[in-house]
Amino acid sequence: MSHKVKLEAEEKARLVRKCLREELSCTEAARQADVDRETIKNWIRWYEEEGINAFLSRKNSSYSEALKREAVADYLAGRGSQDAICRKYKIRNKCQLQTWIKVYNDHGDFNSRKASGGGIFMKQRRSTTQEERLQIVKECLESGRNYGEMALKYHVSYHQVRTWTLRFEELGEAGLEDRRGKRKRNQTPRTELEAAQIEIEQLKHKLYLAEMERDLLKKLDEIERRDAFRK
């Protein structure tokens, strides 16, 4: 290890020790180190867990899928703040946990992709039947709206479970229908607002057809007059 890296590590440790002794605020330490305040907070946590070795190691951290899943489950279930979850699972950077949460919420799953760096890849969101969505929602309501737990159990995203639950409460089972790919004018209304929106779309479509018929008749009239003139 080069002398320069060792000096950098010692400087980080010196700033952290000053913060721990309350001789220096995180804000002032961040200014002196030319980093943001969140970085100083990470340094403090790393130092408390590993001492100066936390700054000497250059090896990227690798996290198993099981650890990611447990950390995300704990956070979504409200078992601690992001800082607390990072401490519990020894996650070096809160941004990593935030990324895992976002990926899980958006895609419903994640896996390890590389042996280093905590790399992740996104799986396609799996399709569900209306019966599955209904089962998930009912169990979610029975469990006290534990969206995170239901998402992990059924391999869907937190966002999906929450959306389905809210729609079910507002519209009943009809709110769980998958209407993707269905034109608005052909849908069955579930609320007064949807009924008005569908009626508007139907009127627009009728107007479009009427305009097409008008243009076609105009074109035919032009052809007939042209043919008559040639005769």
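In case you missed it, the structure is sitting above this.
Within any chain, residue numbers begin from 1 and follow the written order of that chain's sequence. Totals for whole chains, interfaces and linings use all residues, but because this is a predicted model, local features are given only for residues with pLDDT of at least 70 and pairs of side-chain atoms are given and counted only at 80 or more. As a rule here, side-chain values cover all heavy atoms of the structure and leave hydrogens and water aside.

What follows concerns the nonpolar core. Core analysis: the largest hydrophobic core is formed by 27 residues, its most contacted members being Ala71, Ile91, Leu97, Trp100 and Val161. Going along the chain from the N terminus, every DSSP run of H or I of four or more residues is numbered as a helix, and every run of E of two or more is numbered as a strand. If you list the elements that add at least two residues to this core, you get helix 5 (65-76), helix 6 (82-89), helix 7 (94-107), helix 8 (130-142), helix 9 (147-154) and helix 10 (158-171). When residues of this core are assigned to their parent elements, the largest contribution, 5 residues, is made by helix 9. Whether two residues are in contact is decided by their heavy atoms, any of which lying within 4.5 Å being enough. Once you skip the residues sitting within four places of it in the chain, Ile91 turns out to touch Arg45, Tyr63, Leu67, Ala71, Ile85, Cys86, Gln96, Leu97 and Trp100. We call a set of buried residues a nonpolar core when its members are Ala, Val, Leu, Ile, Met, Phe, Trp, Tyr or Cys and they connect through side-chain atoms within 4.5 Å of each other. Classification of residues uses two cut-offs on accessible area relative to the type maximum, computed with a 1.4 Å probe and protein chains only: under 20% is buried, over 50% is exposed, and between them is partly exposed.

Moving on, we come to the side chain of Lys94. As for its placement among the helices and strands, Lys94 is situated in helix 7. Residue contacts for Lys94: discarding those within four places in its chain leaves Glu38, Asn42, Arg45, Gln82, Asp83 and Cys86.

By the element assignment, Ser25 lies in the loop between helix 1 (3-20) and helix 2 (26-33). Sequence separation between Ser25 and Arg37 is 12 residues; the distance between their C-alpha atoms is 9.6 Å. A polar atom in the side chain of Ser25 sits 3.0 Å from the backbone nitrogen of Glu28. Pairs of N or O atoms are called polar contacts if they sit within 3.5 Å, as long as, within protein, a hydrogen donor faces a hydrogen acceptor (for residues adjacent in sequence, only side-chain-to-side-chain pairs).

Time to look at a nonpolar patch on the surface. Two joining distances apply to patches: 9 Å for like charges and 5 Å for nonpolar side chains (Val, Leu, Ile, Met, Phe, Trp, Tyr), and every residue must have over 30% relative accessible area and no salt bridge. In these tables, accessible area is a Shrake-Rupley quantity obtained with a 1.4 Å probe, and a residue counts as shielded only by the protein chains included in the view. A side-chain nitrogen of Lys or Arg and a carboxyl oxygen of Asp or Glu constitute a salt bridge if their distance falls within 4 Å. A cluster of nonpolar residues, Leu216, Leu217, Leu220 and Ile223, forms a patch on the protein surface that exposes about 350 Å² of accessible area. In this fold, Ile223 is placed in helix 11 (residues 192-230). Relative accessible area serves as the criterion here: at 31%, Ile223 is assigned to the partly exposed category.

For Asp34, which is not glycine, the phi torsion reads 60° and is therefore positive. Tracing the chain through its elements places Asp34 in the loop between helix 2 and helix 3 (37-50). Positioned with a positive phi, His155 is a non-glycine residue whose angle comes to about 60°. Secondary-structure assignment places His155 in the loop between helix 9 and helix 10.

What helix 2 keeps buried is the set Cys26, Ala29 and Ala30. Around the axis of helix 2, the buried residues are gathered within 100° of arc, so they sit on the same side. Following helix 2 by one or two positions, Asp34 has its phi on the positive side, about 60°. The reported arc concerns the directions from the helix axis to the C-beta atoms and nothing else.

Once that is clear, we can look at the packing of helix 5 against helix 6. Two quantities define a packed helix pair, namely the angle between the axes and the distance from one axis to the other. At their nearest, the axes of helix 5 and helix 6 sit 10 Å apart, and the two run at 150° to each other. Here helix 5 lies roughly antiparallel to helix 6, going by the angle between them. Where helix 5 crosses over helix 6, the two elements pack in a sense that is right-handed. Between helix 5, through Leu67, Glu70, Ala71, Asp74 and Tyr75, and helix 6, the contact on the second element is made entirely by Gln82, Ile85, Lys88 and Tyr89. Residues are grouped as follows: Ala, Val, Leu, Ile, Met, Phe, Trp, Tyr, Cys and Pro are nonpolar; Asp, Glu, Lys and Arg are charged; every other residue, Gly included, is polar. Here the contact of helix 5 with helix 6 is built from residues that sort into 5 nonpolar, 1 polar and 3 charged. Fitting a line to C-alpha atoms yields each axis, with helices limited to the stretch in contact; the angle taken between N-to-C directions then spans 0 to 180 degrees. Working rule for angles: under 35 degrees goes down as roughly parallel, over 145 as roughly antiparallel, 65 to 115 as roughly perpendicular, anything else as oblique. Left-handed describes a crossing whose near helix is turned anticlockwise from the far helix by less than a right angle; the clockwise case is right-handed.

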